[in-house]
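# Notes for the structure review
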Amino acid sequence: MELNKILDEYDMILLGIGEGFEEEFPEEMKQGKEYSLEKDIQRKNYLEEHKNTKADLAYQKLAEGLKNKNYFVVTLCQDDKIYHSGLKKERIVAPCGSYSFLQCTNVCSSDIYNFEEMKESIEKGESPVCPHCKEPLVMNRIGVPKYSEEGYLPQWNLYTKWIQGTLNKKLLLLELGVGMKYPSVIRWPFEKMCYINEKARLVRVNDYLHHMTEELKEKGDSVQENPVEFVLNQFV
Ligand SMILES: [Zn+2]
């Protein structure tokens, strides 16, 4: 498969990025039964120290390959790496949240708070609290006990508008490393979009879960490969 050539044949590119791109954290940073903001902060620091990974490089290659294209990216990753890649921020939606924003434990409001603005006081040992209800703040990501989804909704609205514009267009759906953890976010909607749009094609790249549904046999390419390696091999 030559992805560069395929990209040229399509007017619109929808990129779905899954767990296959997510940074793996050391065991000691795993969340236990009780959520700990401290562990999430360790993870955030870890991300800042591990910036030139293969996934980072693959993101840069994708940004380069898509730079003159009309694209949108939906990602399941929470590690924020995608925002350092050259891919346009206004064309990315991350429904699982990130390590860049904090939210109220109880979601007493939909407000989210930029981590950078609180960094100084956190480093001094102060625990950040919600300005409304004084409960502790937690990361605004899906791993917390009560995830506030409001944070990504503005981007999600842009995304759904963009999708409406793909009807009858030549649409390439490129699914990279998306497993079955949250299939309703990328996997199933991508299959549906490919099915209803006559000019669409789905390229699914995954280590193990690369299989294509029966209905899409003629319109889909199933590639069994590590998604990061796939990108690195495609854009040399
Ligand atoms: Zn609150």
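Since the model is a prediction, treat every value here as computed from it, not as a measurement.

The subject of this paragraph is the sheet that holds strand β5 (residues 112-114). Note: strands within a sheet are paired through backbone hydrogen bonds, in either parallel or antiparallel orientation. Ordered by their spatial adjacency, three strands build an open sheet running β5-β4-β6, and the pairing between neighbours is antiparallel. The open sheet terminates on both sides in strands that have one partner only, identified here as β5 and β6 (137-141). Taken over all neighbouring pairs, the strand axes of this sheet differ in orientation by 50° on average, direction set aside. Direction of pairing for strand β4 (residues 97-104) relative to β6: antiparallel, over a ladder of four bridges. Note on β6: the bridge partner recorded for G97 is R141. Along the sheet, helix α2 (residues 37-49) contacts β4 and β6; its crossing angle with β4, the most-contacted strand, is approximately 150°. Against the sheet, helix α4 (residues 115-123) contacts β4 and β5, and its axis sits at roughly 70° relative to β5.

Right, let's get into the sheet that holds strand β7 (residues 171-176). Overall, parallel pairing links the six strands, which are arranged β3-β2-β1-β7-β8-β9 in an open sheet. Here the strands that pair on one side only, and so sit at the sheet edges, are β3 (92-93) and β9 (220-224). Here β7 pairs with strand β8 (residues 201-206) via five bridges, running parallel. Residue pairing for β8: L172 is matched across the bridge by R201.

Counting 42 residues, the largest nonpolar core has I13, I17, V73 and L173 as the members making the most contacts within it. If you list the elements that add at least two residues to this core, you get β1 (12-17), α3 (54-65), β2 (70-75), β3, β7, α6 (187-196), β8 and α7 (227-234). Look past the residues within four positions of I17 in its chain and what remains in contact with it is V73, T75, L76, C77, I82, L176 and G177.

Calculation criteria
Residues numbered from 1 in each chain as written. Predicted model: local features only at pLDDT ≥ 70, side-chain atom pairs only at ≥ 80, totals over all residues. Pairing = 2+ DSSP bridges. Helix = DSSP H or I, 4+ residues; strand = E, 2+ residues; numbered from the N terminus. Axes fitted to C-alpha atoms, helices over the stretch in contact; angles between N-to-C directions. Contact = placed C-beta atoms within 7 Å. Core = buried A, V, L, I, M, F, W, Y, C linked by C-beta atoms within 7 Å. Buried ≥ 20, exposed ≤ 12 C-beta atoms within 10 Å, placed from the backbone.

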